[in-house]
Amino acid sequence: MFNKNVIEVLQQVNGVTNSVILKYPQTVAVSESQDLMLLVDISKLDDTQFPEIGLKDSLSDFLALFKLFPEDRSVQIEGNTIDIASGSTSSSYIMDNIALMDAYNKDPDQFTKTEGVPSVATFDISLDDIKSLKSATGVFKDLSEVIFKSQDGDMKISLGATNKFNAKSNTFSVTKQANTSKEFEIKIPVDNFKMLPASEYTVDVKYNSSRDSYRILMTNKSLEGFKILMSVKV
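Quick look at the structure, then. (Residues numbered from 1 in each chain as written. Predicted model: local features only at pLDDT ≥ 70, side-chain atom pairs only at ≥ 80, totals over all residues. Heavy atoms only, no water.)

1. A short note on the overall build of the chain
Here comes step 1: When you go through the chain residue by residue, the secondary structure sums to five helices and 16 strands.
Here comes step 2: Principal-axis analysis of the C-alpha atoms gives the chain an extent of 65 × 40 × 30 Å.
Here comes step 3: In the chain, which comprises 234 residues, the proportion classed as buried is 46%.
Here comes step 4: Considering only contacts within the chain whose residues lie at least 6 apart along the sequence, 62% involve residues at least 24 apart.
Here comes step 5: Accessible surface, the chain: about 11,700 Å² in total, of which carbon and sulfur atoms supply 45%.
Here comes step 6: Within the chain, the 32 negative side-chain charges are centred at a point lying 8 Å from the centre of the 25 positive side-chain charges. (Helix = DSSP H or I, 4+ residues; strand = E, 2+ residues; numbered from the N terminus. Buried < 20%, exposed > 50% of the residue type's maximum accessible area, 1.4 Å probe, protein only. Contact = heavy atoms within 4.5 Å. Areas by Shrake-Rupley, 256 points an atom, 1.4 Å probe, with all protein chains shown as cover. Lys, Arg positive; Asp, Glu negative; His and termini not counted. Charge placed at Lys NZ, Arg CZ, Asp CG, Glu CD.)

Written as structure tokens, this is what we have:
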């Protein structure tokens, strides 16, 4: 239970939130602002089932606790207590009350529904793309948004500040080849982009025509069952 692979992925989740309800087979985590969601299929990483575990402001402590023990530790869950032991070392950890964690109690339905919505753009984003955009946010601190612009079959991902009054401002962009069926411009806060676990993704921009609303769905290319859903502004 909670092998090395699971702990490593949960550390990436911890970059988005410190509060989560861990569920088997699939855990959904949500950012404090509720506009970024992560789906982790834990069954693809570890076949040991476990009951729901509530962690309010304590995911980082939970992960740090597991690192105090070697990989061959024993883990028992009884009621609201997790007992971890290895040799002469042992620990009991009290879980939080899930009933008091409504804001974090999400299920995978949102991902399934979004996947059923038509994509108006599909493109790949590489580890280097994410790293360079994240680094650029440190250089251009006045740019508060990451803008996705579909034009002429390409996707231009740029840092910007559409709320600024001056016509001229610093710019930084990465252009990707994309499969597009609509021209659009959507944006997300830089802070949300900075939370993204650095990896390679296939990105789908979903468009609900009846609501005239967009969403970004990112599917990790190297980690099966790891997806990200982001709310966007137009």
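Still more ground to cover, so stick around.
2. Quick word on the environment of Tyr214
Here comes step 1: Positionally, Tyr214 belongs in strand β15 (residues 213-220).
Here comes step 2: Accessibility expressed as a relative area gives 9% for Tyr214, which makes it buried.
Here comes step 3: Along the sequence, Tyr214 and Asp83 sit 131 residues apart, while their C-alpha atoms lie 44 Å from each other.
Here comes step 4: Beyond its immediate sequence surroundings of up to four residues, Tyr214 is in contact with Val120, Lys182, Phe184, Ile186, Val205, Lys206, Tyr207, Val232 and Val234.
Here comes step 5: Within polar-contact distance, the side chain of Tyr214 engages the side chain of Lys182 at 2.5 Å. (Polar contact = N/O pair within 3.5 Å; in protein donor to acceptor, adjacent residues only side chain to side chain.)

3. What to know about helix α4 (residues 127-139)
Here comes step 1: For α4, built from 13 residues, the straight-helix expectation of 18 Å at 1.5 Å per residue is met to within 8% by its first-to-last C-alpha distance of 19 Å.
Here comes step 2: Turning to α4, its buried residues number three or more, namely Asp129, Ile130, Leu133, Ala136 and Thr137. Taken end-on, α4 shows its buried residues confined to a sector of 130°, consistent with a single buried face. With respect to the buried face of α4, the exposed residues turned more than 90 degrees away are Asp128, Ser135 and Val139.
Here comes step 3: On its buried face, α4 sits against β8 (119-125), β10 (154-160), β11 (172-177), α5 (190-195) and β14 (201-208). (Expected span 1.5 Å × (residues − 1). Arc of directions from axis to C-beta.)

4. A short note on the sheet that holds strand β5 (residues 74-78)
To summarise the sheet geometry, strands pair through backbone hydrogen bonds and adopt either a parallel or an antiparallel arrangement.
Here comes step 1: Ordered by their spatial adjacency, three strands build an open sheet running β5-β6-β7, and the pairing between neighbours is antiparallel. A single partner strand is all that each edge strand has here, and the edge strands are β5 and β7 (89-94). Strand after strand, the sheet turns through a mean of 15° between neighbouring axes, direction not considered.
Here comes step 2: Of the pairings in the sheet, the one linking β5 to strand β6 (residues 81-86) comprises five bridges and is antiparallel in character. Bridging across to β6, Val75 finds its partner in Ile84. (Pairing = 2+ DSSP bridges. Axes fitted to C-alpha atoms, helices over the stretch in contact; angles between N-to-C directions.)

5. Details of the sheet that holds strand β13 (residues 184-189)
Here comes step 1: Taken in spatial order, the four strands of this open sheet run β11-β10-β9-β13, and their pairing is antiparallel. With one partner strand each, in any of the chains shown, β11 and β13 form the two edges of the open sheet. Ignoring strand direction, the axes of neighbouring strands in this sheet form an average angle of 20°.
Here comes step 2: Strand contacts of α4: β10 and β11, with the helix running at about 165° to β11, the strand carrying the most contacts.

6. Notes on the pattern of salt bridges
Side-chain pairs of opposite charge can arise whenever the charged atoms involved come near each other.
Here comes step 1: Counted by the stated rule, this structure contains eight salt bridges.
Here comes step 2: Between Glu185 and Lys149 there is a salt bridge, and its shortest N-O distance comes to 3.9 Å. Separated by 36 residues along the polypeptide, Glu185 in strand β13 and Lys149 in strand β9 (residues 145-151) bring together distant segments of the chain.
Here comes step 3: Judged by relative accessible area, which is 38%, Glu185 ranks as partly exposed.
Here comes step 4: Using a relative accessible area of 32% as the deciding quantity, one classes Lys149 as partly exposed.
Here comes step 5: Bridged by salt links that share partners, the residues Asp41, Lys44 and Glu224 form one connected network. (Salt bridge = Lys/Arg side-chain N within 4 Å of Asp/Glu carboxyl O.)

7. Brief notes about the side chain of Asn220
Here comes step 1: Following the sequence through the fold, Asn220 ends up in strand β15.
Here comes step 2: Note on Asn220: relative accessible area 8%, which makes it buried.
Here comes step 3: Polar side-chain contacts of Asn220 include one of 2.9 Å to the backbone nitrogen of Ser222.
Here comes step 4: Here the side chain of Asn220 touches Leu223 through a polar contact of 2.9 Å, landing on its backbone nitrogen.
Here comes step 5: Setting aside anything within four residues of it in sequence, one finds Asn220 in contact with Ser199, Glu200, Tyr201 and Phe226.

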